[in-house]
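# Per-entry structural report
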Amino acid sequence: MAVTEDKHKNIEALEEATIRFAGDSGDGMQLTGGQFTNATAIVGNDLSTLPDYPAEIRAPAGSLAGVSGFQIHFSSKEIYTPGDILDVLVAMNPAALKANLKDLKPGGMLIVNTNAFNETNLKKVNYTSNPLEDAALQSKYKVFGIEISRLTQLALEGSSLSAKHVDRTKNLFALGLMCWLYTRPMEKTIEWLNQKFKDKPDILDANLKVLKAGYHFGETTEVFISSYKIDQAKIKPGKYRNITGNEATVLGLIAASKKAGITPLLGSYPITPASDILHELAKYKQFGFRTFQAEDEIAAIGVALGASFAGGLGITTTSGPGVCLKSEFINLAIKTELPLVICDIQRGGPSTGLPTKTEQSDLLQAMFGRNGDSPIPIVSASTPGDCFEAVFEAVRIAIKYMTPVFFLSDGYIANGSEPWEIPDANKLPNIEVKFRKEKEGFSSYLRDEKTLARPWAIPGTPGLEHVLTGIETEVTTGKINYDPANHDAMVKIRAKKIENIENDIPDIKPVFGGEKGDLLILGWGSTYGSICAATELLIASGHKVANAHLRYLNPFPKNLGAFLKNYKKVLIPEINMGQMNMLIRAKYLVDSQGLNIVAGKPLKVNSITEAAESLLK
Amino acid sequence: MAVTEDKHKNIEALEEATIRFAGDSGDGMQLTGGQFTNATAIVGNDLSTLPDYPAEIRAPAGSLAGVSGFQIHFSSKEIYTPGDILDVLVAMNPAALKANLKDLKPGGMLIVNTNAFNETNLKKVNYTSNPLEDAALQSKYKVFGIEISRLTQLALEGSSLSAKHVDRTKNLFALGLMCWLYTRPMEKTIEWLNQKFKDKPDILDANLKVLKAGYHFGETTEVFISSYKIDQAKIKPGKYRNITGNEATVLGLIAASKKAGITPLLGSYPITPASDILHELAKYKQFGFRTFQAEDEIAAIGVALGASFAGGLGITTTSGPGVCLKSEFINLAIKTELPLVICDIQRGGPSTGLPTKTEQSDLLQAMFGRNGDSPIPIVSASTPGDCFEAVFEAVRIAIKYMTPVFFLSDGYIANGSEPWEIPDANKLPNIEVKFRKEKEGFSSYLRDEKTLARPWAIPGTPGLEHVLTGIETEVTTGKINYDPANHDAMVKIRAKKIENIENDIPDIKPVFGGEKGDLLILGWGSTYGSICAATELLIASGHKVANAHLRYLNPFPKNLGAFLKNYKKVLIPEINMGQMNMLIRAKYLVDSQGLNIVAGKPLKVNSITEAAESLLK
Amino acid sequence: MATLEQPKYTKADFESANDVRWCPGCGDYAILSAVQSVMPTLGIPKEKFVFVSGIGCSSRFPHYMNCYGFHTIHGRALTVASGVKSINPDLSVWVVTGDGDGLSIGGNHTMHAIRRNQDLKILLFNNKIYGLTKGQYSPTSELGKKTKSTPMGSIDNPINPVSLAIASGATFVARTIDKNVKHMMEIFKEAAAHKGTAFIEIYQNCLIFNDNAFVDYTEKEVKDDHSVYLTSGKPLVYGKESDKAIKLNGFSAQSTGAKNGDLKNALIHDPTVKDKALAYVLGQMGVENPELPVAFGVLRKVEEPTYQDRLLDQEKQALSKKPNASIEDILNAGDTWVVS
Amino acid sequence: MATLEQPKYTKADFESANDVRWCPGCGDYAILSAVQSVMPTLGIPKEKFVFVSGIGCSSRFPHYMNCYGFHTIHGRALTVASGVKSINPDLSVWVVTGDGDGLSIGGNHTMHAIRRNQDLKILLFNNKIYGLTKGQYSPTSELGKKTKSTPMGSIDNPINPVSLAIASGATFVARTIDKNVKHMMEIFKEAAAHKGTAFIEIYQNCLIFNDNAFVDYTEKEVKDDHSVYLTSGKPLVYGKESDKAIKLNGFSAQSTGAKNGDLKNALIHDPTVKDKALAYVLGQMGVENPELPVAFGVLRKVEEPTYQDRLLDQEKQALSKKPNASIEDILNAGDTWVVS
Ligand SMILES: Cc1ncc(C[n+]2csc(CCOP(=O)(O)OP(=O)(O)O)c2C)c(N)n1
Ligand SMILES: Cc1ncc(C[n+]2csc(CCOP(=O)(O)OP(=O)(O)O)c2C)c(N)n1
Ligand code: SF4
Ligand code: SF4
Ligand SMILES: [Mg+2]
Ligand SMILES: [Mg+2]
């Protein structure tokens, strides 16, 4: 398309850039960011995104509480995080400026919609004077004040749309402008608009006009001296799509249940940031994916457990407060040894906490949040795309070992996105389901010698009638049994079964750095990106540092104890107060140190390098 | 009373004895044991009891599932446990014999109701022949076959009672007999019967007759050559009563709320073994004690939390499965920093588990069973009587620090009993309640500098209107706040506040043994008795062993880390898979070893000595 | 589901080998026996029955049936049962619950399972007490009831299970009683034949903690004056001499004399009326309006698609729109690009 | 509670300094304003008001009142409110909840708080959707409703909040609507004056996720034909020209013509009838029987002792029996002995 070619201006080549779109909740920043991301993916850059939106549906227009942001980091090299500091901030109003300016690097580009800097808006966020007129701001950053609202109106002069509708399209102006600035193609966005507004030609027309107006504004005016180009990254050959963690979780669950050949049933109750998984899965009825929006989290997991009893794949999705409510049922699943996948998309806690922010603080709840000794496998995802494989693993373990399994994701990877190499469906591992059929020798708790799994005998199978119960039962027969020695034996069998899974998961090994060294940075979950980036920097500056990342949090990989001993020190960065660190210390008696910043957002790369450097001193 | 004097026979002096009454659920064994205990307390022996009853209300008569037992250990010296092995077993039927014989020491006394050893009863428990006729049995134990049923009938010949009612009194025959055998006075039992049946003279008369018949049977017949006498123990001077853990918990809650001068409200939902606390507290309305049987555990804690918000003392009682349901509300209490006492009377888990058996396996649930980082103080009781002081401490901490507090007891100490020195009400510490009144400078989260407690400003106070919420709030003002730095600060303040309590609790020190040594046996909760008894034995056999017992599980006493280093090895016996052990290892990096037997009953003294000896090798 | 070749069952086929552990004399025994007697008559292969329960004396039920069973956690049986039925709608799923299990902690699931018209048979054993935990009052205990937890008497108004079920839109609502085995069996059969939620309140005597709670409906002298048995198409006549009838007065039910066929004012029972008001009024009788007799029998029975019908229907529709969906398609959906 | 010296409040006294964060145009604003307007008229000192809520857009309400407030967790507001009122019965406790909060996750607490006649004012904002979590269907959403979680339409039958409240024995039940501020205010005042649970369903428009859900009752052209406003002692007349009335037909309500005073068949409203059947029938109208108008106003209002009345009463009784109980007495109760 013509609009992607630029004939008049310089194109400067960059290695990478981090930009953030920020505006009012009503300004469409998530959509703008999403479209920019798609365009960037098509260019072949590596990328990582971080949406950040308020807990209120629509806080008062122009207020700080209502600011919504979308950050993207893209590069011609491999990257791991959405970026610590911004090269460009697009601020659609004073609130967006106030809330985000601190993250813009000195000398960075600040693009603002000057029309929004009127008295009312300034007052809403307690600006006593217009910050754009502040000389310090002008000297610290490259400020581009653009009348985005007015230019949008001008672009739509004569349109039949109401003033309100006209104003709503201004985000596309910003998008167009940024596409020009970073030489991104707009075809996909145009296609998407065509599709979305196919029944509303007026709106479609207006949107396209404004999008192009933004692009042409960059091209034509003298405001920007050059535009930027970021080369395709050298990423592994393959077919890619951009994917969020929740989308990857959805695909992982569908793929795993297909591979297992049983009917999946998701029992769920909406909760941020897990709800989108329910929304997405509800669209796959043609795949036999059954979704059940229950009256609460307890019912949701109950329905899922009933499904597993009947031979389906029971799944439940939630976030921390919902896990609280599910814990009694998780214990019933542990006791009755039925497969079940519990997806916890973690958010800031405790209590209602910060529903739209990220945190890694449900690990110990997943490990221990139930009465009695109640061991459960835990699998965690480290990046958006990794959710696919991690949740697939959770399903595999649940079925093979007849056990509930926790899958831990979090708000950051759930909503963040990255390019994802689409796996070949045929090469996905098979998940073998062995429904018991033979009557001969059947006992409901007679275990497989290797996995210690009990048989899965489902209602409808003649001759295998049996009753499951949460009361303690006899080791083999599964009949209620109150005998002391039997209980002790059962407690230990349950523990052993889960421990044994260590034989069925890969050893831990370094991601970056050598097998031995001065410092190991050990992580799990969504800190992956920041830790990798930090490790690369540390290695580059000559330190003997390595990093490793745990997918399996219970049981830990078999070689972990020995592995830890290869490093003089161990640093464990977590977005919590040191939860995995406690498990590691207790199990391996290693004096590992935590880096614990619980600020509802990904750890910054430089927080990690600083912590590492101070340990290396 | 005449019946307590024995003119005809030898009285042999013993140091101690352990006896168990066992019979059908319908046989009144708990009542028999309770009365025997009272009589033993009056004599001034030290004692410890262990009731053990089935989960079914009334399992089929004569079945193994229906066996109910009551064990008492009493002594002229200080004792710590209800005893590992029995000196006497009273078995009212074949099922009772079968279920309990393994605990009788070789050469021990076996008293059986021979009338119950008929074919039907024998068959119910798969005895193919009458075990009483087994020569091996006769040679291994001192067997006393007594026609208890028939002797009871004879005693009541001519009574107007039905045969069924007559048979129901046979436990009193056994009680009378045992009172004679161990020279216990029967006045209190007679008084109690008089009171209980004051409106039913027929039944009263029959009961008294049978009780005395049992006593006289011992005195008169030639079956027993001598009776036994166990001298008064040298226990601390004072006024005593016999008390169970649940009773002591009730008294502790009443005393603490009186000392605090605020209205207590217990929100509860019945669950074994916690229900009795609700039943008892419901009787104290004249004290202004309000009890609220809610629709479920969630409502129960919600009501309690509402009570605390309004300036009352919110309390909730439950057991493990109930804690699962309360966890979301506990987090709200943590976030809103309101006082609240959560009493968890632990039972066998996971899931429904073993409702009537004991276990210590909710510790990690109490510590971590919630989303987010959610620190909470935990206080545990070590003996029945200790529940009083421990729950009093829980109330004190809750109010002083404005925080929910866990009080951990368990089925064993809840139902077990011991002599308890009645405290002087006037000497109980005062619990200061400071409701905020002044408007000036009020902020809902402005903290006391020392305790870090926020002000308790209750509805009805003019000028202090404010809103509490589970969403994260600003450090001082308590207004909703989503700022990253504020959240990090709040997470850390919450942690600090609880950690600081270590300055307000006593240091740990040895119970038995020296300040340094080869081995420390570290315990918490109801293992106290077994550990003390084991330590005494180990010291007596020349080992440099000490034991210490933790009341405060979060935070730990300040000196614990240094204290642990004074011993070469540390053994941690727990009725779980090593929950406190994990906390100790993680925090102090000490290679402590667990002794973990999860059999639904107190640890045996000799399991501990064995484990200790193998570590000492 | 029945086929001709199917084995003929007897009651014994549904009796499990486990010892029944209720107190001797408990009303639960009669209910168990009635259920075991009805099962062989339903023409359903034994392996297709599933009994799901919560926690309580009553909830031990599945252990005593020789069927698939799930003795779950307190108050949550209906959620598990809904999951079972939603995965395999071919099963005959029965839920056993108590007044505490199904109305106290589990009240919300009862309401929601019913409104969804889950194809489940719900047997609610109402003994007006918590049996298993040894005698606390329950949501159906009468005001002023003295129990372990209410030494001065309960201060909560009781709930009427049948009113709640009707307000939740139950398509089948009935009431029966442990002592009337024949009636229980009839009701169970009718429930089994109903498609959708069948909610059955069963008065059940707990002789240990709440003995004689239902003597008004079981003792020879008084029962006929306190109970009216409903039959579709028949007038609501009751009384020792069949000398009383229920008639309509405004929106209320009222008792009237009806000697020797003088029944012209008597209400004629019709459980199939869509409007819930009739069933609501009948359900209140004797429970909320103590001067009237308690109605036993089927109060409401209307046909509506079940949750499972609608679930499978949507699946079929979706499949017909996108018949050949494969994992590949899904994985490769959206904007993709190739790096080579 | 009012005294003569008491300060005179204005609406502004009840407005908090916090920014109101609902979507511009949300029906919640009108409800907030109506509540703030009613508060000063009640003669209750401001510090005695407590607003308790769960989680949802509606549950943000306490933050916008300049009163004591507790924004609790999802579905549990009524439990907390019951605790507050039970410790200090002198407070005026108002609960704000949504159709999700109070009927889905919190349905059981709603039922139990009502049956206990907790002295609480319950405002249930029914927007037939989950607002805060961005648009999933709720227990009041109509069958077939397409939402984020039901792309092919919901397959659950909706619940009628008012039916549930009545079946739970609510002593005060009313329905009102965000757009009719005057009516809301009247209802709130009447609720405040009621001793016991006052349950108020408020139709509330969520313009973002379920816009126009209640246009039938708000749009000039149609609203009069779809709504009947109840007044005690007055006939149930409605319609644009007041040309229709509700009459009784057996146990059902029916619509009839009622031109120019021809109202002889019209039902006369009496919310104080003890029998719940009338209120039940009125509550169903328009919701479960779509051909009839929806009833707005007070459906039921009867006097019964509250939970708090009974609680304090038992305490008084107990105290009169054992007037001088001391801790010493309790500690020293039972069998004691002295070791010296
Ligand atoms: C979460 C939880 N809370 C409480 C209990 C204790 N409990 C078991 S059964 C029961 C009540 C039983 O009453 P009901 O349902 O009426 O059954 P019944 O025994 O009368 O047949 C209670 C409170 C439990 N098992 N789990
Ligand atoms: C335990 C728990 N589960 C789920 C949620 C997510 N959640 C918050 S509000 C809500 C539903 C709100 O619906 P409603 O009560 O109708 O309120 P509205 O927003 O429509 O006013 C849900 C599901 C939560 N906060 N906590
Ligand atoms: S306690 Fe009551 S309900 Fe339970 S088994 Fe015994 S008689 Fe039946
Ligand atoms: S989402 Fe709906 S209910 Fe929530 S504030 Fe916005 S308009 Fe109101
Ligand atoms: Mg019951
Ligand atoms: Mg809503």
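Residues numbered from 1 in each chain as written. Chains lettered and ligands numbered in written order. Predicted model: local features only at pLDDT ≥ 70, side-chain atom pairs only at ≥ 80, totals over all residues. Heavy atoms only, no water.

## Some points on the overall build of chain C
Secondary structure assignment for chain C yields 10 helices and 12 strands. For chain C, whose C-alpha radius of gyration is 22 Å, the value lies close to the compact-globule estimate of 20 Å for 340 residues. Here chain C holds 340 residues, and the buried ones make up 63% of them. Taking as baseline every contact in chain C between residues at least 6 positions apart, the subset at least 24 positions apart corresponds to 67%. (Helix = DSSP H or I, 4+ residues; strand = E, 2+ residues; numbered from the N terminus. Rg over C-alpha atoms; globule rule 2.2 N^0.38 Å. Buried < 20%, exposed > 50% of the residue type's maximum accessible area, 1.4 Å probe, protein only. Contact = heavy atoms within 4.5 Å.)

## Considerations on the interface of chain B and chain A
Taken residue by residue, the interface counts 60 residues in chain B and 60 residues in chain A. In terms of surface lost to chain A, no three residues of chain B exceed B:Pro350, B:Asn371 and B:Tyr482, which account for 14% of the buried area on that side. There are zero salt bridges connecting chain B and chain A. Here chain B is connected to chain A by 26 residue pairs in polar contact (both at pLDDT 80 or more). Mapped by element, the contributors of at least two residues to the side of chain B that touches chain A are helix H13 (320-336), helix H14 (363-368), helix H17 (484-499) and helix H20 (579-588) of chain B. At nine residues, H13(B) tops the list of elements feeding residues into the side of chain B that touches chain A. Considered class by class, the residues forming the side of chain B that touches chain A number 24 nonpolar, 20 polar and 16 charged. (Buried area = accessible area lost by both parts, 1.4 Å probe. Salt bridge = Lys/Arg side-chain N within 4 Å of Asp/Glu carboxyl O. Polar contact = N/O pair within 3.5 Å; in protein donor to acceptor, adjacent residues only side chain to side chain. Nonpolar A, V, L, I, M, F, W, Y, C, P; charged D, E, K, R; others polar.)

## Focus: helix H1 (residues 29-43) of chain B
Counted at 1.5 Å a residue, the expected span for H1(B) with its 15 residues is 21 Å, and the 21 Å between its end C-alpha atoms agrees. B:Gly44 occupies a position one or two residues after H1(B) and carries a positive phi of about 95°. (Expected span 1.5 Å × (residues − 1).)

## Considerations on the site of ligand 4
Around ligand 4, the structure places A:Ile57, D:Trp22, D:Cys23, D:Cys26, D:Cys57, D:Asn127, D:Gln204, D:Cys206, D:Leu207, D:Ile208 and D:Phe209. Ligand 4 sits at the junction of chains A and D, each of which supplies nearby residues. Of the residues in the shell around ligand 4, the class split is nine nonpolar, two polar and no charged. (Near = heavy atom within 4 Å.)

## Concerning the domain arrangement of chain A
Residues and elements named next belong to chain A. Each assigned domain of chain A is listed with its residue range as follows: domain 1 (2-230), domain 2 (241-427) and domain 3 (517-616). On a C-alpha basis, the centres of domain 1 and domain 3 stand 36 Å from each other. Contact residues are listed per partner, giving five residues for domain 1 and 11 residues for domain 3. Taken over both partners, the interface formed by domain 1 and domain 3 buries close to 630 Å², and the fraction arising from carbon and sulfur atoms is 61%. Taken as a group, Tyr80, Thr81 and Asp84 account for 78% of the area that domain 1 buries against domain 3, more than any other trio of residues on that side. Between the two partners, domain 1 and domain 3, sit one salt bridge. Viewed at the interface, domain 3 and domain 1 are joined by two residue pairs in polar contact (both at pLDDT 80 or more). (Domains from an automatic or database assignment.)

## Details of the packing of helix H20 (residues 579-588) of chain A against H20(B)
Geometry of a packed helix pair, given as the angle between the helix axes and the separation of the axes. Orientation of H20(A) relative to H20(B), taken along the N-to-C sense of each, is 95°, at an axis distance of 7 Å. With respect to their mutual orientation, H20(A) and H20(B) come out roughly perpendicular. Of the residues in H20(B), those in contact with A:Met582, A:Leu583, A:Arg585, A:Ala586 and A:Lys587 of H20(A) are B:Met582, B:Leu583, B:Arg585, B:Ala586 and B:Lys587. (Axes fitted to C-alpha atoms, helices over the stretch in contact; angles between N-to-C directions. Parallel < 35°, antiparallel > 145°, perpendicular 65-115°, else oblique.)

## Let's talk about the relation of the copies chain B and chain A
Mapping one chain copy onto the other needs a rotation about an axis and a shift along that axis. Of the two same-sequence chains, chain B is brought onto chain A (RMSD 0.1 Å, axial shift 0.0 Å) by a rotation of 180°. Both chain copies can therefore be described as sitting about a two-fold axis. Both copies share a contact surface, since 100% of the interface residues of chain B are interface residues in chain A too. (Least-squares fit on C-alpha atoms with pLDDT ≥ 70 in both.)

## Re the packing of aromatic side chains
One pass over the structure, following the stated rule, counts 64 aromatic pairs over all chains. Their ring planes at 80° and their centres at 5.7 Å tell us that B:Tyr80 and B:Phe512 sit as a pair that is edge-to-face. Of the two residues, B:Tyr80 sits in the loop between strand S4 (67-75) and strand S5 (86-91) while B:Phe512 sits in the loop between H17 and strand S18 (517-524), which places them 432 residues apart along the sequence. Taking relative accessible area as the criterion, B:Tyr80 reaches 12% and is therefore assigned buried. A network of ring pairs unites the aromatic residues C:Trp22, C:Tyr29, C:Phe51, C:Phe61, C:Tyr64, C:Trp94 and C:Phe125 as a single cluster. Of note, A:Arg454 hangs over the ring of A:Tyr445, and the distance from its end group to the ring centre comes to 5.1 Å. Stacked on the ring of B:Tyr127, the Lys or Arg B:Lys98 has its end atom at 5.0 Å from the ring centre. (Phe/Tyr/Trp six-rings, centres within 6.5 Å; stacked < 30°, edge-to-face > 60°. Lys NZ or Arg CZ within 6 Å of the ring centre and 35° of its normal.)

## With respect to the site of ligand 3
Around ligand 3, the surrounding shell consists of B:Ile57, C:Trp22, C:Cys23, C:Cys26, C:Cys57, C:Asn127, C:Gln204, C:Cys206, C:Leu207, C:Ile208 and C:Phe209. Residues that form the shell around ligand 3 fall into these classes: nine nonpolar, two polar and no charged.

## Here's the deal with the side chain of B:Gln360
Residue and element names in this part refer to chain B. With respect to the element layout, Gln360 can be found in the loop between strand S13 (340-346) and H14. For Gln360, the side chain forms a polar contact with the main-chain oxygen of Trp524, separated by 2.8 Å. Of the polar contacts made by the side chain of Gln360, one reaches the backbone nitrogen of Ile575; its length is 2.9 Å. With near-sequence residues (within four places) excluded, Gln360 lies in contact with Gln346, Asp410, Trp524, Gly525, Ser526, Thr527, Pro573, Glu574, Ile575, Asn576 and Gln579.

## Some remarks on the coordination of the magnesium ion (ligand 5)
The coordination sphere of the magnesium ion (ligand 5) contains the protein donors C:Asp99 (OD), C:Asn127 (OD1) and C:Ile129 (O), at a distance range of 2.1 to 2.2 Å. Judged by relative accessible area, C:Ile129 falls into the buried class, the value being 2%. (Donors = N, O, S within 2.8 Å, 3.2 Å for Na, K, Ca; no water.)

## With respect to the interface of chain A and chain D
With 26 residues of chain A at the interface, the matching set in chain D holds 30 residues. In total, about 2,100 Å² of surface goes out of reach between chain A and chain D, with carbon and sulfur atoms giving 60% of it. On the chain A side of the interface with chain D, the three residues burying the most area are A:Ile57, A:Arg58 and A:Gln293, jointly 29% of the side's total. Remark: the boundary between chain A and chain D carries zero salt bridges. In this assembly, chain A and chain D are joined by seven residue pairs in polar contact (both at pLDDT 80 or more). The element best represented in the side of chain A that touches chain D is helix H11 (residues 275-281) of chain A, accounting for three residues. Class assignment for the residues of the side of chain A that touches chain D results in 13 nonpolar, six polar and seven charged.

## Some details on the pairing of strand S3 (residues 46-52) of chain B
All names here are of chain B. Within S3, six of the seven residues are buried, which leaves it mostly tucked inside the rest of the structure. Examined bridge by bridge, S3 and S4 share seven bridges and lie antiparallel to one another. Within S4, the position partnered with Thr49 by the bridge is Ile72. (Pairing = 2+ DSSP bridges.)

## Quick look at the state of the cysteines
Joining two cysteines, a disulfide is a covalent bond between their sulfur atoms. All names here are of chain C. Under the defined criterion, the tally for this structure stands at zero disulfides over all chains. Here Cys67 is not cross-linked by a disulfide; its sulfur's nearest cysteine counterpart is in Cys26, at 20 Å. What makes Cys67 buried here is its relative accessible area of 2%. (Disulfide = S-S within 2.5 Å.)

## Points about the sheet that holds strand S20 (residues 552-554) of chain B
Residues and elements named next belong to chain B. The mixed open sheet is built from seven strands, whose spatial order is S11-S10-S12-S13-S15-S14-S20. The open sheet terminates on both sides in strands that have one partner only, identified here as strand S11 (290-293) and S20. Going across the sheet, the axis of each strand differs from the next one's by a mean of 20°, ignoring polarity. Bridge count for strand S12 (residues 313-318) against S13 is four bridges, and the pairing is parallel. By the bridge assignment for S13, Thr317 is matched with Cys343. Taken strand by strand, helix H12 (residues 297-309) contacts strand S10 (264-268), S11, S12 and S13, and its axis lies near 160° from that of S12. Its contacts with the sheet put helix H15 (residues 386-401) on S12, S13, strand S14 (378-380), strand S15 (404-410) and S20, and the angle it makes with S15 is roughly 170°.

## Quick notes on the pattern of salt bridges
Under the counting rule described, the total for this entry stands at 85 salt bridges over all chains. Where A:Asp87 meets A:Lys105, a salt bridge forms, and the shortest distance between an N and an O atom there is 2.6 Å. Here the residue A:Asp87 occupies a position in strand S5 (residues 86-91), and A:Lys105 occupies one in strand S6 (residues 104-113), the gap between them amounting to 18 residues. Taking relative accessible area as the criterion, A:Asp87 reaches 18% and is therefore assigned buried. The residue D:Lys145 makes a salt bridge to D:Glu142 at a minimum N-O spacing of 3.5 Å. Classification of D:Lys145 by relative accessible area gives buried; the value is 14%. A relative accessible area of 35% means that D:Glu142 is categorised as partly exposed. When salt bridges that share partners are traced, they join A:Glu295, C:Arg115, C:Arg116 and D:Asp156 into one network.

## Brief notes about the packing of helix H18 (residues 528-540) of chain B against helix H21 (residues 605-616) of chain B
All names here are of chain B. Where H18 contacts H21, the two axes come as close as 8 Å, and the packing angle between them is 50°. As summarised for this structure, H18 and H21 are arranged oblique, according to the angle between their axes. Crossing angle aside, the handedness with which H18 passes H21 is right-handed. Mapping the contact onto sequence places Ser530, Ile531, Ala533, Ala534, Leu537 and Leu538 in H18 and Val605, Ile608, Thr609, Ala612 and Glu613 in H21. Here the contact of H18 with H21 is built from residues that sort into eight nonpolar, two polar and one charged. (Left-handed = near helix turned anticlockwise from the far one by under 90°.)

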